[in-house]
Amino acid sequence: MHTRPLSRLPALALLAGLAACGDSRTPASGPSSESGAPPAAQVLRVGHFPNVTHAHGLVAHALSRKGEGWFEQRLGPDVRIEWYTYNAGPSAMEAILSGSLDVTYVGPNPALNAYIRSGGAEVRLLAGATNGGAALVVHGDGRIAAPEDFRGGRIATPQLGNTQDVSCRAWLAAQGFHVTQTGGDVSVLPTANPDQLDLFVSGALDGVWTVEPWVSRLELECGGRIMLSEDDAITTVLACSTAFLEEHRDLAKRFVAAHAELTEWIEAHPAEAQALVAAELTEETHSPVKPELIAHCWPRLHVTNALAIEQLRDFVKAAQTAGFLTDAGDLANLVVVP
C-alpha cells in the first residue's frame, strides 16, 4: 500500500483553468514471455481527506493498513489499491484531471466545478457517500450573534473553491454582503483545517466554516458555538475520472458495489466504524484522535449511496453566486451508474 503525504497543491490551478486530463489508466501488463510471471495487478488509485465526513475512505484505508482491505477483498487479487490523501476537494480534483488519481471521495462543489469547466468531459459521480457534518462555528462569547456581526470580520474555510468555501461565500452573499476572493465586506480566508484551531483561539478568526471532526474540535477545545449547521447537505460524493470509467467500467462497477456494501456496514456497526475512523485519523494527522471526539461527531453524519440531482443543481447555483462558475452547465452526464 502506498500513501501519499497530504497534498498542498494550490487550488488556484483548478480555478484558473483545467489542463487536459491525462491517461488515468495504470494498465496491468501481460505475462512475461521470458519469465512466465503472472500478470501484474491493476493499480486502482483512490483518494480521500482526513475528515470524518470521509468515513468510507477512512474506514477502508484503516482496514488496508491492517491487511484486511475492504475493497481489496471484494475486488480480488487482480486489483491493488493505492491510497492518497488530500486536504480538500480542489487538490483532489487536480489529481483526477491530471490523470494521477482514478477515484476519490470529495465534496460536491469541486467535482461540479471540474465537471462544468471541462465541458462535462472529465469527471463523473458514481454514488453518494455522506450528508451532513458541516457547520459554521463562531466564538461562544456572543461577539457574533447575528449574520450582520460578520461585517468587517474574517471567516476561515478549508480551501479556496472547496464545498464549505463555496457555501460560506454564497451564504454571505445571501445576507447582503459583498464578498470577493480577496476581501469585501467579509474576508473569507482559505486555511488548512489544523491551522484554523490556533487562529480561532487567538481571535484572528470570527468564524470557521468547516467539517467534522474540526467542527467538534472547535466546539470542545476552542469554546466555539455552532451558528449554522448543514445537517442535510451533501458533504461527500464518490467521483472518478471519465477516462477510468471508460477504460475500466467493470472495475468501476465492482468498486461502487463494494462502496454500497461499506455504507451498509458503517450504518450497522457504528462503534467499529468510529474506532477505525479514529485510528486512521491518528495515522494521517500524526496526532492522537480520541474516540470521544469521533463519538461527538457521529450523530451529525448520515452515510448514504444516494445522490439527489436537485441538490447538485443547488450547489451549482451556490458556486455561481460565489463567483466560481459563470455557466450552470448541463448535468445530464454527471451521475453515472456503471
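Residues numbered from 1 in each chain as written. Predicted model: local features only at pLDDT ≥ 70, side-chain atom pairs only at ≥ 80, totals over all residues. Heavy atoms only, no water.

Student: Just give me the short version of the sheet that holds strand S9 (residues 207–211), but keep the residues and values in it.
Tutor: Strand order in the open sheet formed by five strands is S8-S7-S9-S6-S10, and the pairing between neighbours is mixed. Every interior strand has two partners, whereas the edge strands, strand S8 (187–190) and strand S10 (224–230), have only one. Mean inter-strand twist for the sheet, computed between neighbouring axes without regard to direction, equals 25°. As paired elements, strand S6 (residues 134–139) and S9 share five bridges and run antiparallel to each other. The partner of Val 137 across the bridge, within S9, is Val 208. Those strands touched by helix H7 (residues 193–202) are S6, strand S7 (154–157), S9 and S10, and its axis lies near 155° from that of S9. (Pairing = 2+ DSSP bridges. Helix = DSSP H or I, 4+ residues; strand = E, 2+ residues; numbered from the N terminus. Axes fitted to C-alpha atoms, helices over the stretch in contact; angles between N-to-C directions. Contact = heavy atoms within 4.5 Å.)

Student: Any chance you could break down the confidence of the model for the chain for me, citing the residues and the numbers?
Tutor: Mean pLDDT over the chain: 87, with 88% of residues reaching 70 or higher. In this model residues 1–38 is a low-confidence stretch, pLDDT under 50, and it forms 85 contacts with partners more than four residues away in sequence or in other chains. (pLDDT = per-residue confidence, 0-100.)

Student: Quick one: what's the story with the environment of Trp 214, residue by residue and with numbers?
Tutor: Structurally, Trp 214 can be placed in helix H8 (residues 214–222). Residue Trp 214 is classed as buried on the basis of its relative accessible area, which comes to 5%. Engagement of the side chain of Trp 214 in a polar contact is seen with the side chain of Asn 51, the distance being 3.1 Å. (Buried < 20%, exposed > 50% of the residue type's maximum accessible area, 1.4 Å probe, protein only. Polar contact = N/O pair within 3.5 Å; in protein donor to acceptor, adjacent residues only side chain to side chain.)

Student: Let's hear about the packing of H7 against H8: which residues, and what values?
Tutor: Closest axis-to-axis distance for the H7/H8 pair is 10 Å, and the angle between their directions is 30°. Between H7 and H8, the angle is such that the two are roughly parallel. Crossing hand, H7 versus H8: right-handed. Side by side, H7 and H8 meet where Asn 193, Pro 194, Leu 197, Phe 200 and Val 201 of the first sit next to Trp 214, Arg 217, Leu 218, Glu 221 and Cys 222 of the second. Each residue belonging to the contact of H7 with H8 can be placed in one class, and the counts come to seven nonpolar, one polar and two charged. (Parallel < 35°, antiparallel > 145°, perpendicular 65-115°, else oblique. Left-handed = near helix turned anticlockwise from the far one by under 90°. Nonpolar A, V, L, I, M, F, W, Y, C, P; charged D, E, K, R; others polar.)

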